[in-house]
Amino acid sequence: MSTVVHPSDVRVDAVRKIVGAEEYAGDVSLEGMVHACIVRSSERHARIEAVDTSAALTIDGVLRVVTAGDLDCALYGRIVRDIPVLAVDKVRYLGEPVAAVVATTRRLAELGAAAVVVEYGPLPAVVTADAALEPDAPLVHEAPWEYARAVVSPDDPPNLQSRAARGTRQEAEAALAGAAHVVDETYVTPAGHQGYLEPQCCVARWNAEAGSLELWIPNKTPYRLVEQLAACLGRPAASIELHPVAIGGDFGGKGSPMAGPLCAELSRLVGRPVRLALRYAEDLAATNPRHPTSIRVRMGCDTGGRLVGLVVDAQVDGGAYAGYKPMPEVSLRGIGHAASSYRVDAAYVESRIAYTNTVPKGHARAPGSPQITFAVESALDELALRSGLSPWEIRRRNVLRTGETGHEGVRYAEHRAAEVLERAERSIRPATAPAGTRHGLGIALYDRPTGLGYTSLRLTARADGDLDVGVAVPDTGTGSHTVVREVLAGALALDPACLHVRHLPTGALPGDQGVGGSRVTATLSSAALLAAERWQARGGEDSIVVELRGEAEEPITSYCAQVAQVAVDPTTGELTLLDLLTVVDVGTVVHPASHQSQVDGGATMGIGFALYEDLELDDGQVWASNLGEFKLPSVRDLPSLQTEVLEGGKGVGPANVKSIGELVNPPVAAAIANAVFAATGVRLRRVPLRAEDLWEALYPATAAAPGRPAVPAAAAAGPAPGGSSEQP
Amino acid sequence: MPATEFLAPSTLEEALGALGGDDTHLLGGGTALALLLKTGMVEAARVVWLGRVAELRAITELDGELRIGAGVTLHTLSSSPLVRRHCPSLARAAGLAANIRVRAVATLGGHLVHADPRQDCPPVLLACGATVHLASTAGERALALDEFLVSFLETAILPTEVLTYVHVPIEPGRREAYVRFTPGSEDDFPTVGAAVALRADDAGALTDLEIGVGAVGARATRHRPDPALWRGRPCTAPTARAIGAAVAADVAPAPDHRRSARYRRHVTGVMVERALSDAWGAAPLPGTATDPSPERGAGALHEH
Amino acid sequence: MHFRLNGQTADVDAEPTEPLLDVVRRAGCTGPKEGCWIGVCGACTVIVDGLPVSACLYLAGMAEDADVWTVEGLTADDPALVDAFADAAALQCGFCTPGQVTTAWWVAHRPDVDGGPGGARSPGGAGGPGGDPDVAALMAGNLCRCTGYQAIRAAVETYRAGH
Ligand SMILES: Cc1cc2nc3c(=O)[nH]c(=O)nc-3n(C[C@H](O)[C@H](O)[C@H](O)COP(=O)(O)OP(=O)(O)OC[C@H]3O[C@@H](n4cnc5c(N)ncnc54)[C@H](O)[C@@H]3O)c2cc1C
Ligand code: FES
Ligand code: FES
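Thresholds, definitions, all that
- Residues numbered from 1 in each chain as written.
- Chains lettered and ligands numbered in written order.
- Predicted model: local features only at pLDDT ≥ 70, side-chain atom pairs only at ≥ 80, totals over all residues.
- Heavy atoms only, no water.
- Helix = DSSP H or I, 4+ residues; strand = E, 2+ residues; numbered from the N terminus.
- Buried < 20%, exposed > 50% of the residue type's maximum accessible area, 1.4 Å probe, protein only.
- Contact = heavy atoms within 4.5 Å.
- Areas by Shrake-Rupley, 256 points an atom, 1.4 Å probe, with all protein chains shown as cover.
- Near = heavy atom within 4 Å.
- Polar contact = N/O pair within 3.5 Å; in protein donor to acceptor, adjacent residues only side chain to side chain.
- Right-handed = clockwise from strand over helix to strand, strands pointing away.
- Axes fitted to C-alpha atoms, helices over the stretch in contact; angles between N-to-C directions.
- Parallel < 35°, antiparallel > 145°, perpendicular 65-115°, else oblique.
- Left-handed = near helix turned anticlockwise from the far one by under 90°.
- Nonpolar A, V, L, I, M, F, W, Y, C, P; charged D, E, K, R; others polar.
- Phe/Tyr/Trp six-rings, centres within 6.5 Å; stacked < 30°, edge-to-face > 60°.
- Domains from an automatic or database assignment.
- Buried area = accessible area lost by both parts, 1.4 Å probe.
- Core = buried A, V, L, I, M, F, W, Y, C linked by side-chain atoms within 4.5 Å.
- Salt bridge = Lys/Arg side-chain N within 4 Å of Asp/Glu carboxyl O.
- pLDDT = per-residue confidence, 0-100.
- Pairing = 2+ DSSP bridges.

Enquirer: Even after reading the chapter, I still don't get the overall build of chain C, so can you show me in this structure?
Expert: Secondary structure summary: chain C contains six helices and five strands in total. In sequence order, chain C lays out its α and β elements as β-β-α-β-β-β-α-α-α-α-α. In chain C, which comprises 163 residues, the proportion classed as buried is 68%. Put simply, 59% of the contacts in chain C that link residues at least 6 apart link residues at least 24 apart. As presented, chain C carries roughly 4,900 Å² of accessible surface, and 51% of it is formed by carbon and sulfur atoms.

Printed below as a string of structure tokens:
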């Protein structure tokens, strides 16, 4: 069956969102609903010696103060179940929930929470992955291997959450030893919040008589959340129902149970519906931000610039709990894909995620990929310099071609890396740097597989002749519900206006795997095509339900190249992004406007990662504690964003789609760092790329006249700042 | 919890009469105070809103001075023809602060009394020699802004006083400029804000020079570099650089975990230099050195 | 308290020191959202007496007798505003959208010039004669995490051009 592509029709959710009628969890108001506020730990690591609730309970309107002892639930987690709903005996990070206050209004709940006094007995804390993995480091958890579904054992280093390795270290080391040129550098990325604008929120209603629980919660994996809640609360999954609400931004951050388990327990304990909404400051300090990493990359090539060896050692700060990671191996898969676009004779990639006394980390748009791509694509430019090749040439010589199998061992249907690079080079529009600044141009490349998952869908004929389309997943904003409508309209030859797509409560459909892993568009459009087929072949029924289980077919990956042009003001180190060109490799674009919006939004998020976003977690405290400090890119920060779409790729499933949402943000930081190097000769190996760091590199403190030597020190020192080695 | 009393007097007299009690707070636009109230950092028994006091919302030209009511919003300040004519750098600074939603309500009085060193208007007002007028039931007093600003979030105002007006001398021939350095997002407080006000004689030699710097120390500061550096000279690039260096040596960077003192001191000098250049004229200063950095870089298309 | 909400008289129970955001939401206008809660993001933008404000920072007492408009009221009789955003697909998750739409209304109707490009070296800037009415400068302060702003800009340009 072929796919009909419609001109960009108005999104299914556009009008209700524009007029303010869309319903988010914070807009849900139930009869008798009361409000909760969390009492959070003021310590990084401490025993809870006493919790004094008496003052809070004297406040008129405070209904109840709940501590761990009042709860009747288990630890929770997406895979590893290591997270207590409220801290038991000890706290493991600043901001960890210790108690909760329920009151008639939110303001009173907040006042109540402020009045709860917790006494702590401080314990030694570890706040970086490096420190946590030292043999005699203080223990964040005494026996982490005992948690359900843990992937570590007593033989592992003390604070390990997980370890993932690919390849053979000896072989890769041997290859490096024989390389003509080698780069050995460490790249550092900070903790970063997903930056969704809607703080985490949940409304829960416990019905004691029916023994049932209803939740309104912005969660992108509703069916999985039901399972997680069932396990945590010790209730049958069938007794839990999630009502559809819109999600005010996700980017990986709305996949964890978050406010859900606590809100459910509070509702049970007070016997009323409860709303638990976080303030943004709480969200920044204590939800599930992106993992900070320190990634050592050793990469070598022969005299012809061919990559012969790669060893990656990534130390990752997983925070106080592992339970927000959804992969069975509890890893960040992006890191494992290091240098996946290239042919490398021998590669070894290892990452170790550590427990630390910091906010637990979770998934953020292309988990692990922005970090590893910054490291590897920067290192590749450093290697190009050593081997006398241009950044373009080293990539051209090493990208995988269709038919080849890369060092990951996957044989993809096609590799369009060379075409993507070629298109990028041809599409550059030279930008003009203002007088007094220096221009630089940088390139970075990335590829990402598209998967197919499991979902279900219901078509129902309406009395007016239109069709109701029930889907099992929320549209996190990507336009996935619109894609369903477009695909169905095409396949059934119907006017899209006759199709009414709605997200149904859990229980209404057999199930779904959830949004994530770059598969939602592929999965939903394949399901829609299947549904259309069944609908046309149906007998007399006026409603059908289809289930789609992504079958293994040919693996698909897609490429993205980005070219950044910057202007650097050498007197201040100020870095201005002038232009960002994004070239994406696509199959069929089902809804062009949504697709373009993913590209623009992804590029912008990449810019934020590259230039601004840092929770400043250095000593275990989130210093960038509000959106005034944790800076997201604003409209006037953006350069001209150019997009080139390389059509004609082979996508997944009959709908022939390739992923886009997580394809565009990972390479931005390396493209900009490479451009900065081109402009100044300074190699920045830490994001965000800051003016001050650039200036410090240009004018180290030892320079005679601060800030204005005749020749920038880094340039004078030659092409190898940072101690890379040149081998014969 | 007793409810907070909210008063909206329509005259200054009424407003003054409402002051003096414990936990009484004046309210301008509330962009600073609202946050403190919401987070419980300030507990108010009484809030006295000045938004209805019409006389404090006016901008007038009076005896060679611009008299700006404390209730004038940053938005009004930035779009006022009078301010644009007589003190364009103040209009500019007010229009660069925050975003339209904050400018629409934040008042000049609240801005100055809040005394966050990163704010945009104080450096300009310091450079232009502004005076702050304070009233209480006991009478009135005027203070140079330099005396009014004390330290981080601290001014010389008394709990019984209202900041009523800010007076800015109108000086024909004054050239002024404000530059704001935001190396990260533009939607942010400045890392350094530098304002200059200068005058030159007919021969093109500097006769007056005042400089204000924000965001560096615990408060916005006023600087008058040694006249030996500039008096009687045209504002050439070397002169501007020397003035910048003098101001850089003069500032006292407050501790900041984000940016080093060394960097902020350096950038202060550069921004002062640039403000001088902007004030002197749109063209680059005579004798501007080109960027000394050598050519390099793998993918560079242009060099400037 | 007493004020006008979307053109209608509204008499509601409110603490004068609570944020106007909570008051309008209780009054049924849940279009304005709570995002940052500190005036940075613009999700809570409402129009008070013709100008956009952060309702999360605007004390209810200051709105006594004021003319307050939320996205619900602004879009009710203005299909051009709705169409501009819908046709440009200027939204994803939609959480910022009510604020963007509200500020867009002001951009098209604003009575005078304010704002301006921020850069340290931009000569005109705000306050310069006729500060640059560039859409990006005017819309600055309404954050969107999803769209990368390109479509929002286009929507605002279209809507403004129609005025
Ligand atoms: C998101 C955001 C971004 C910002 N960005 C910037 C920026 O980039 N640049 C910048 O310069 N500023 C910025 N600001 C700060 C802003 O300038 C101040 O918040 C504002 O100027 C304070 O004015 P207000 O009238 O709202 O003060 P209020 O909150 O009303 O009052 C502040 C203080 O002043 C007192 N007060 C008010 N009026 C008087 C009076 N007449 N007499 C005596 N005391 C009085 C109050 O009691 C209170 O203590 C930002 C603020 C926010 C919220
Ligand atoms: S919630 Fe008011 S500006 Fe962000
Ligand atoms: S559409 Fe999601 S924040 Fe703008």
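Enquirer: Please explain the site of ligand 1 as it appears in this structure.
Expert: As a matter of local geometry, ligand 1 sits amid 31 residues, with Leu26, Gly28, Leu33, Thr107 and Asp120 of chain B nearest to it. Near ligand 1, the surrounding residues are drawn from chains B and C. Leu26 of chain B has a polar backbone atom sitting 2.5 Å from an oxygen atom of ligand 1. Coverage of ligand 1 by the protein chains reaches 91% of its 960 Å² of free accessible surface.

Enquirer: For this particular structure, what's the right way to read the pairing of strand E19 (residues 499-503) of chain A?
Expert: Remember that side chains alternate between the two faces of the sheet whenever the strand is regular. With burial as the criterion, only one face of E19 of chain A is covered, namely that bearing Leu499, Val501 and His503 of chain A; the residues His500 and Arg502 of chain A on the opposite face remain uncovered. Handedness of the crossover is the feature at issue here: the chain leaves strand E18 (residues 467-471) of chain A, passes through helix H13 (residues 480-492) of chain A, returns alongside E19 of chain A, and the resulting connection is right-handed.

Enquirer: Mind showing me how you'd approach the environment of Gly550 of chain A here?
Expert: Residue and element names in this part refer to chain A. For Gly550, the location among the structural elements is in the loop between strand E20 (543-549) and strand E21 (556-568). For Gly550, a relative accessible area of 33% puts it in the partly exposed group. Among residues more than four places away in sequence, those in contact with Gly550 are Leu452 and Gly453.

Enquirer: Just checking my understanding: could you explain helix H3 (residues 106-115) of chain A for this structure?
Expert: At 3.6 residues per turn, the α-helix brings residues three or four places apart onto the same side. Here H3 of chain A lies mainly inside the structure; seven of its ten residues are buried. All of the buried residues along H3 of chain A are Arg106, Leu108, Ala109, Glu110, Gly112, Ala113 and Ala115 of chain A.

Enquirer: Would you explain the packing of helix H4 (residues 97-109) of chain C against helix H6 (residues 150-161) of chain C in this entry?
Expert: Packed helices, taken two at a time, are described by the angle their axes make and the gap between the axes. All names here are of chain C. Where H4 contacts H6, the two axes come as close as 9 Å, and the packing angle between them is 40 degrees. Taken together, H4 and H6 sit at an angle that is classed as oblique. In the packing of H4 onto H6, the handedness of the crossing is right-handed. Residues Gln100, Ala104, Trp105, Val107, Ala108 and His109 of H4 form the contact with H6, whose own contacting residues are Ile152, Val156, Tyr159 and Arg160. Here the residues of the contact of H4 with H6 sort into seven nonpolar, two polar and one charged.

Enquirer: How should I be thinking about the packing of aromatic side chains in this particular structure?
Expert: Two measures describe an aromatic ring pair: the distance that separates the ring centres and the angle between the ring planes. Residue and element names in this part refer to chain A. All told, the structure shown has seven aromatic pairs over all chains when counted by the stated rule. Ring geometry for Tyr187 versus Phe374: centroids 6.0 Å apart, planes at 85 degrees, classification edge-to-face. Of this pair, Tyr187 sits in strand E8 (residues 181-189) while Phe374 sits in helix H10 (residues 369-387), placing them 187 residues apart in sequence. On the accessibility criterion, Tyr187 (1% relative accessible area) is buried.

Enquirer: How do you make sense of helix H5 (residues 88-96) of chain B when you look at a structure like this?
Expert: Residues and elements named next belong to chain B. In terms of burial, H5 is largely enclosed, as eight of its nine residues are buried. Among the residues of H5, those classed as buried are Ser89, Leu90, Ala91, Arg92, Ala93, Ala94, Gly95 and Leu96. Considering only its buried residues, H5 is in contact with strand E5 (65-69), helix H3 (74-79), helix H4 (81-86), helix H6 (100-103), helix H8 (121-127) and strand E11 (175-181). At the exit of H5 stands Ala98, carrying a positive phi of roughly 50 degrees.

Enquirer: What is the right way to read the domain arrangement of chain B from this model?
Expert: Quite often, the size of an interface is put as the accessible area lost when its parts meet. Residue and element names in this part refer to chain B. Segmentation of chain B into domains returns domain 1 (5-49), domain 2 (54-169) and domain 3 (188-280). Taken together, the contact between domain 2 and domain 3 spans 15 residues of the former and 18 residues of the latter. Regarding the contact of domain 2 and domain 3, the summed buried area is about 1,300 Å², with carbon and sulfur atoms giving 63% of it. By the criterion of area lost to domain 3, the three top residues of domain 2 are Pro117, Arg118 and Ala127, representing 39% of everything that side buries. At the surface where domain 2 touches domain 3, the tally comes to four residue pairs in polar contact (both at pLDDT 80 or more). Within the residue set of the side of domain 2 that touches domain 3, elements represented by two or more residues are H8 and strand E8 (149-151).

Enquirer: What is the right way to look at the nonpolar core in this model?
Expert: Formed by 217 residues in total, the largest nonpolar core has its most connected members in Ile672 of chain A together with Phe85 of chain C. Excluding residues that lie within four positions of it along the chain, Ile672 of chain A makes contacts with Ala564, Val566, Leu575, Leu577, Ala610, Leu611 and Leu689 of chain A. One finds Val72, Val124, Leu125 and Val168 of chain B within the second-largest nonpolar core, a separate group that totals 42 residues.

Enquirer: It is not clear to me how the interface of chain C and chain A should be interpreted in this structure. Could you clarify?
Expert: Taken together, the 42 residues of chain C in the interface contact 49 residues of chain A. In total, chain C and chain A occlude about 3,600 Å² of area from one another, counting both sides; carbon and sulfur atoms represent 62% of this. Linking chain C to chain A there are five salt bridges. For Asp27 of chain A, the salt bridge goes to Lys33 of chain C, with nearest N and O atoms at 2.7 Å. At the junction of chain C and chain A, the tally comes to 17 residue pairs in polar contact (both at pLDDT 80 or more). When residues in the side of chain C that touches chain A are grouped by element, the largest group, four residues, is from helix H3 (residues 79-87) of chain C. Of the residues contributing to the side of chain C that touches chain A, the split by class is 23 nonpolar, twelve polar and seven charged.

Enquirer: Is there a simple way to think about the confidence of the model for chain C in this case?
Expert: Caution applies to low-pLDDT regions: their predicted coordinates should not be interpreted in detail. Residue and element names in this part refer to chain C. Confidence in the prediction of chain C, expressed as mean pLDDT, is 88, and 86% of residues score 70 or more. In the model, residues 114-132 has pLDDT below 50 throughout and makes 56 contacts with residues more than four positions away in sequence or in other chains. The complex prediction reports pTM at 0.94, with the ipTM value standing at 0.94.

Enquirer: Any chance you could explain the sheet that holds strand E13 (residues 206-214) of chain B here in plain terms?
Expert: Hydrogen bonding along the main chain pairs the strands of a sheet, whether they run parallel or antiparallel. Residue and element names in this part refer to chain B. Pairing is antiparallel in the open sheet, where four strands are placed in the order E11-E12-E13-E14. Both edges of this open sheet fall to E11 and strand E14 (221-223), since each of them pairs with a single strand only. On average, adjacent strands in this sheet sit at an angle of 15 degrees to one another, irrespective of strand direction. Of the pairings in the sheet, the one linking strand E12 (residues 192-200) to E13 comprises eight bridges and is antiparallel in character. Directly across from Ala195, in E13, lies its bridge partner Gly212. Running over the sheet, helix H10 (residues 237-250) touches E13 and E14 and is turned about 40 degrees from E13. Strand contacts of helix H11 (residues 261-280): E11, E12 and E13, with the helix running at about 40 degrees to E12, the strand carrying the most contacts.

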